[in-house]
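Listed below, chain by chain, are the residues.
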Amino acid sequence: MALVVANWKMNKDLAEVQGFFKEFNKLRKNTKADVVICPSFTLLNEAQRWAKGIKLGAQNIASEEKGAFTGEVSAAMVKEFCDYVIIGHSERRIYYNENDEQVNKKVKLAIEHKLTPIICIGENLEERKKGKTQEVVKRQLEAALKGVKETDIVIAYEPIWAISTFSKGEIATPEQAEKVHEMIAGLLEKKYYSNKIRVIYGGSVTPENVKALMQQKNIKGVLVGGGSLKPESFAAIANYGTST
Ligand code: PGA
């Protein structure tokens, strides 16, 4: 089953959540894709009231279990609302200096609390230009999964240069994305002897390009930022492959 994930980032208020779901619930057709929406922490409660036939996720969790960590939100806290959590998004790695070690701690905490981690990895433009994509992706993947045996996890390959936040108009072609997905799938199979782990793609996914991406053999879903904010756009992405 494919997986379509919305990352709303730091957008929307309570009224906008209601407005989104009123439309989205009408537009979404039964597809073969699992759908997950990741709103801000403060909107999870409201989103839970409106979400129908989809799952919710958080955008981050603390790297500690509990205690005196002002402003942090723990895995146990989000588990009351969610089944998934995005970990190691490039915006967190770049703006908040999150490193591979913290990502690994968060992945383990998520698993302990029965949250499915959506682990983001991907190279920046300079690394790609220098031909280091495979090396960077492999390093991030192995660091995030150090000591992890669970296979109920999701890997999101998000080339930083193709994410709308950082992109200067560049987007990855389905073939460029597939090449890296193939490598990740190979690494995961070697490590886990299993192809159960879903590897999804993120970076400027739109209703227009989702189908071509999903046709690639090793792309098992998408992680959508900007394209997930409007109900019409996200429904079109979640409904990919169904006739309209
Ligand atoms: P984008 O964001 O779809 O706006 O490029 C994707 C992401 O940051 O996860």
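Conventions used here
Residues numbered from 1 in each chain as written. Predicted model: local features only at pLDDT ≥ 70, side-chain atom pairs only at ≥ 80, totals over all residues. Heavy atoms only, no water. Helix = DSSP H or I, 4+ residues; strand = E, 2+ residues; numbered from the N terminus. Buried < 20%, exposed > 50% of the residue type's maximum accessible area, 1.4 Å probe, protein only. Near = heavy atom within 4 Å. Polar contact = N/O pair within 3.5 Å; in protein donor to acceptor, adjacent residues only side chain to side chain. Areas by Shrake-Rupley, 256 points an atom, 1.4 Å probe, with all protein chains shown as cover. Nonpolar A, V, L, I, M, F, W, Y, C, P; charged D, E, K, R; others polar. Contact = heavy atoms within 4.5 Å. Pairing = 2+ DSSP bridges. Axes fitted to C-alpha atoms, helices over the stretch in contact; angles between N-to-C directions.

Draft legend 1. Quick look at the environment of Lys-106. One can find Lys-106 in helix 5 (residues 100-112). Exposure remark for Lys-106: the relative accessible area of 4% places this residue in the buried category. With 42 residues separating them along the chain, Lys-106 and Glu-64 place their C-alpha atoms 7.8 Å apart.

Draft legend 2. Looking closely at the site of the ligand. If you check the shell around the ligand, you find 13 residues, and the closest are Lys-9, His-89, Glu-158, Ser-164 and Ser-204. Here Lys-9 contributes a side-chain N or O atom positioned 2.7 Å from an oxygen atom of the ligand. Measuring from an oxygen atom of the ligand, one finds a side-chain N or O atom of His-89 at 2.7 Å. Alone, the ligand offers 280 Å² of accessible surface; in the complex the protein occludes 98% of this. Among the residues making up the shell around the ligand, the classes are represented as four nonpolar, seven polar and two charged.

Draft legend 3. Examining the side chain of Ser-74 more closely. If you trace the backbone, Ser-74 turns up in the loop between strand 3 (55-58) and helix 3 (75-79). Not counting residues within four places of it along the chain, the set of residues in contact with Ser-74 comprises Ile-61, Ala-62, Glu-64 and Glu-65.

Draft legend 4. Main features of the sheet that holds strand 1 (residues 2-7). Taking strand neighbours around the barrel as the criterion, the eight strands line up as 1-2-3-4-5-6-7-8 in a closed arrangement whose pairing is parallel. The mean inter-strand angle of the sheet, taken between neighbouring strand axes irrespective of direction, is 25°. Alignment of strand 1 against strand 2 (residues 33-38), held across six bridges, turns out to be parallel. In the strand pairing of strand 2, Val-5 is matched with Val-36.

Draft legend 5. Up close: the environment of Ile-119. Along the polypeptide, Ile-119 turns up in strand 5 (residues 116-121). Overall, Ile-119 belongs to the buried group, its relative accessible area being 0%. For the pair Ile-119 and Val-107, spaced 12 residues apart in sequence, the C-alpha separation works out to 7.7 Å. Contacts of Ile-119, omitting those with residues within four sequence positions, involve Ile-87, Val-103, Val-107, Ala-144, Leu-145, Val-154, Ile-155 and Ala-156.

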